[in-house]
Amino acid sequence: MKILLVGGGAREHALAWKLRRDDPAAELLLAPGNAGSAPVGRAVPVPATDVAALVQLATEERPALTIIGPEGPLAAGLADWLRDRGLAVFGPSRAAAEIEWSKGWAKAFMRRHGIPTAAFEVFDGLSEAERYVLGQAQPPVIKDDALAGGKGVTVPDTMDDALAALRSIFARPGARVVVEERLLGWEVSAHALVDGQSARLLPFSCDYKRVGDGDQGENTGGMGAYAPVQLPAGLRRRVEEEIVRPAVAGLAAEGRPYRGLLYPGLMITAAGPRVVEFNARFGDPETQVLLPLLASPLAPVLLACASGSLGDVDLRWHEGVCCGVVLASPGYPQAPLTVPALALPPAEEGAAIFSAGTTGRLLTAVARGDTLPQARRRAYEILERISLPGGRYRTDIAAYDRATG
Ligand code: AMP
Ligand code: GLY
């Protein structure tokens, strides 16, 4: 089977690794992939941002399935262009992906469909937004409406910081800001496969967005992850019934049927699960810890999403836990250096190193174990065998289970 995989991060390396393990004969085109993923597929030097070139590539190659990894090409309508050409695509249309690329649209969508989320207002001008912020009892969360690679959000502790965040976003002409109530609780990532009408939840996972130990410092693209997180059965059902099902039904009812991976980032509050944001794609680094746990072959599952037949699919999971730790280059996230190719330890069963690039987040070291402490110890053992002076990583990934404390 010929598969085109769009993207070049560690998430896409993990997808390619799983597809290759499932089917040694698969023809995998990685557009563009990266140096570390080269052994598992054929790299095609088309960047994930060049939609016209990707459409041309897919039209020439006619893959049986195209998997779109990052949000950028989804927001640019790549899935629409390919479906119009009769190709099977795992990834939502531009309209369905608006649930990620406009935070304001996503919040209004949630309001329309009664999906639990933080109270919010949307502003197009600074002075109105400032007035609203100053009228709140607690400093609210400030979000750039536009896609910002996980970095457009400020969770301020003081009103001054909230106002500074507003000013910095409105310094850009045409900016729009979502101001929302700060939620208290613990965070968990839900991943649901969606075929337009129906959805299947994958195991829950946790990622670590702040750069420093103890969740200190700037928000990043994600510094580590583990799965599964065992949500109490009642909470899992609430996530399905109050969030995933109404989102999938609401998108279909609004003429934007969703086909792909829907990833609500959740805050588990005292009052139940609340949506922090929706993503229209697999999480990074969550994917790197979810796929090593998946026992079923991946391609038929993604193809079923593309063709509206998810109900027939059998999803099986390995026992145990998977932990992944991200290694970033010196200076990340403010001023990341570019580093030369790293010498990596040899592959081991139940473990992997998923590479991203040569600057910023470099790779995710991933390992499975029977228990969380075992998986965590193995992942750190692999990471510690990689020499990178000044390299940054968190030392507290999966140090405890967020669900049980
Ligand atoms: P987002 O890009 O919307 O996921 O936000 C990035 C991070 O900011 C989230 O993972 C949360 O840790 C935090 N955050 C966003 N919105 C809220 C909120 N309403 N209350 C508390 N924390 C939030
Ligand atoms: N893990 C955060 C993200 O993929 O957006």
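Owing to the predicted nature of the structure, the values given are computational and were not obtained by experimental measurement.

Rules behind the numbers
- Residues numbered from 1 in each chain as written.
- Chains lettered and ligands numbered in written order.
- Predicted model: local features only at pLDDT ≥ 70, side-chain atom pairs only at ≥ 80, totals over all residues.
- Heavy atoms only, no water.
- Near = heavy atom within 4 Å.
- Polar contact = N/O pair within 3.5 Å; in protein donor to acceptor, adjacent residues only side chain to side chain.
- Areas by Shrake-Rupley, 256 points an atom, 1.4 Å probe, with all protein chains shown as cover.
- Nonpolar A, V, L, I, M, F, W, Y, C, P; charged D, E, K, R; others polar.
- Core = buried A, V, L, I, M, F, W, Y, C linked by side-chain atoms within 4.5 Å.
- Buried < 20%, exposed > 50% of the residue type's maximum accessible area, 1.4 Å probe, protein only.
- Helix = DSSP H or I, 4+ residues; strand = E, 2+ residues; numbered from the N terminus.
- Contact = heavy atoms within 4.5 Å.
- Salt bridge = Lys/Arg side-chain N within 4 Å of Asp/Glu carboxyl O.

**Student:** What is the right way to look at the site of ligand 2 in this model?
**Tutor:** The environment of ligand 2 is formed by Asp207, Lys209, Tyr263, Arg281, Gly283, Asp284 and Glu286. Take tyrosine 263: an N or O atom from its side chain is 3.3 Å from a nitrogen atom of ligand 2. Contacts to ligand 2 include aspartate 284, whose backbone N or O atom sits 3.0 Å from an oxygen atom. Considering ligand 2 on its own, with 200 Å² of exposed area, one finds that the protein chains cover 90% of that surface. Split into classes, the residues belonging to the shell around ligand 2 amount to one nonpolar, one polar and five charged.

**Student:** Where do I start with the nonpolar core in this structure?
**Tutor:** Grouped together as the largest cluster of nonpolar side chains are 76 residues, with contacts concentrated most on Ile99, Val188, Phe204, Leu266 and Phe278. Looking at this core element by element, the count peaks at seven residues for helix H9 (residues 233–253). Beyond its immediate stretch of four places on either side in the chain, isoleucine 99 contacts Trp105, Ala106, Phe109, Leu251, Tyr258, Leu262 and Phe278. Core analysis: the next-biggest nonpolar cluster, separate from the first, contains 42 residues, Ile3, Val40, Ala299 and Val313 among them.

**Student:** What am I meant to see in the pattern of salt bridges here?
**Tutor:** Once their charged atoms are close, side chains differing in charge can pair, the charge on each being opposite to the other. One pass over the full model with this rule turns up 25 salt bridges. For glutamate 12, the salt bridge is made with arginine 11, and the minimal N-O distance between the two is 2.9 Å. Under the relative-accessibility criterion, glutamate 12 is labelled buried at 4%. The closest approach of N and O atoms between glutamate 277 and lysine 103, which form a salt bridge, is 3.4 Å.

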